[in-house]
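Remarks on the overall topology
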Amino acid sequence: MHHKFDVNILRRAEVAFERRSFIKKNPSGAFSTMTKLMQWLFGVSLLATAWAVVTFDLFGLSFPPEYREVAWPMPVYLLVSFGCFSLATVGYRVATFNDCDEAARELQDQIKEAKEDLRKKGLKL
Amino acid sequence: MASGADRTAGMGLVLFSLLLFSYYTVWVIVLPFVDADHVLHRYFLPREFSVILPGVAGVVLLLCIGLPSNQTAFTAVVLLKNHKPKKMD
């Protein structure tokens, strides 16, 4: 009884897996057939047009002046915040780097040992 | 764990970038919603500098990174051009 139960579960999992891999092989819709670069460019151009509409008031819808003041430095702001994020990531990784002091010392000793061994055997270092 | 000097340098970098980010965020996003006669405006430059300063800093950075490597690339190209005819003979 217990054995039959496991086999049925395995069979169902196999069928579900087959179905899912079939769906992945045949994507439908323009967005899933685009390359990642095209998707990225599409997204970026959407954001760029949204920014241009707000900053230069292209459609003539007068936004409140505070929102326009916030919108126009947005590209520079995103660049600066990305730079700050990268800097913080680098600093954090430097601070939490895993030094293995014992392993380093062991390695140096092994190198010394190997050099002496080779020197004894006649290799001129 | 990383050595003491490494840890202080790393944490210093994290703190610096956090401070820079918060100052810049207040400058760009918070300040337009604050009244013009509020005392906060005294600590921030006029708004145009929030775009000019990163632009200038970026250009300076590119020049600093690019200039030594531009010089070596230029000399490499010149040397290569002088050596090529000899090799083809």
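Residues numbered from 1 in each chain as written. Chains lettered and ligands numbered in written order. Predicted model: local features only at pLDDT ≥ 70, side-chain atom pairs only at ≥ 80, totals over all residues. Heavy atoms only, no water.

The next thing to look at is the overall build of chain A. The helix and strand inventory of chain A stands at six helices and zero strands. Order of helices (α) and strands (β) in chain A, N terminus to C terminus: α-α-α-α-α-α. Counting over 125 residues, chain A shows a buried share of 10%. Accessible surface for chain A amounts to roughly 11000 Å². Of this, 67% is attributable to carbon and sulfur atoms. (Helix = DSSP H or I, 4+ residues; strand = E, 2+ residues; numbered from the N terminus. Buried < 20%, exposed > 50% of the residue type's maximum accessible area, 1.4 Å probe, protein only. Areas by Shrake-Rupley, 256 points an atom, 1.4 Å probe, with all protein chains shown as cover.)

Right, let's talk about helix H3 (residues 36-56) of chain A for a bit. All names here are of chain A. Look at H3: 30 Å from first C-alpha to last across 21 residues, which is about the 30 Å you get at 1.5 Å a residue. Where H3 is buried, its residues meet helix H2 (30-33) and helix H4 (65-71). One or two positions beyond H3, positive phi appears at Asp57, with a value near 55°. (Expected span 1.5 Å × (residues − 1). Contact = heavy atoms within 4.5 Å.)

Across the boundary between the two partners, chain A contributes 23 residues, which contact 24 residues of chain B. For the pair chain A and chain B, the two sides together bury roughly 2100 Å², of which 77% comes from carbon and sulfur. In terms of surface lost to chain B, no three residues of chain A exceed Tyr77, Cys84 and Ala95 of chain A, which account for 25% of the buried area on that side. One can count one salt bridge joining chain A with chain B. (Buried area = accessible area lost by both parts, 1.4 Å probe. Salt bridge = Lys/Arg side-chain N within 4 Å of Asp/Glu carboxyl O.)

So, about the packing of aromatic side chains. We describe a pair of aromatic rings using the distance from one ring centre to the other and the angle between the two ring planes. All told, the structure shown has seven aromatic pairs over all chains when counted by the stated rule. Ring plane angle 75° and centroid distance 5.5 Å describe the contact between Tyr67 of chain A and Phe33 of chain B, whose orientation is recorded as edge-to-face. Taken together, the positions of Tyr67 of chain A in helix H4 and Phe33 of chain B in the loop between helix H1 (4-30) and helix H2 (49-88) put the pair across two chains. Clustering of aromatic rings is evident, with ring pairs tying together Tyr77 of chain A together with Phe21, Tyr23, Tyr24, Trp27 and Phe44 of chain B. (Phe/Tyr/Trp six-rings, centres within 6.5 Å; stacked < 30°, edge-to-face > 60°.)

This brings us to the confidence of the model for chain B. One rule of thumb: low pLDDT means the predicted coordinates there are not for detailed reading. When pLDDT is averaged along chain B, the result is 84; 90% of the residues meet or exceed 70. Overall fold confidence (pTM) sits at 0.65, and the ipTM for the predicted complex is 0.71. (pLDDT = per-residue confidence, 0-100.)

Taken together, the side chains of Phe56, Leu58, Phe59, Leu61, Phe63 and Tyr67 of chain A together with Phe33 of chain B present a nonpolar region at the surface, about 790 Å² in accessible area. Within the fold, Leu58 of chain A resides in the loop between H3 and H4. You can call Leu58 of chain A exposed: its relative accessible area is 54%. (Patch = residues over 30% accessible without salt bridge, like charges linked within 9 Å, V, L, I, M, F, W, Y side chains within 5 Å.)

This brings us to the pattern of salt bridges. The full count for this structure, using the stated rule, is two salt bridges over all chains. The closest approach of N and O atoms between Glu69 of chain A and Arg47 of chain B, which form a salt bridge, is 2.6 Å. Linking Glu69 of chain A in helix H4 with Arg47 of chain B in the loop between H1 and H2, this pair reaches from one chain into another. For the salt bridge of Asp117 of chain A with Lys121 of chain A, the shortest nitrogen-to-oxygen distance reads 3.5 Å. On the basis of relative accessible area, Lys121 of chain A is assigned to the exposed category, the value being 66%.

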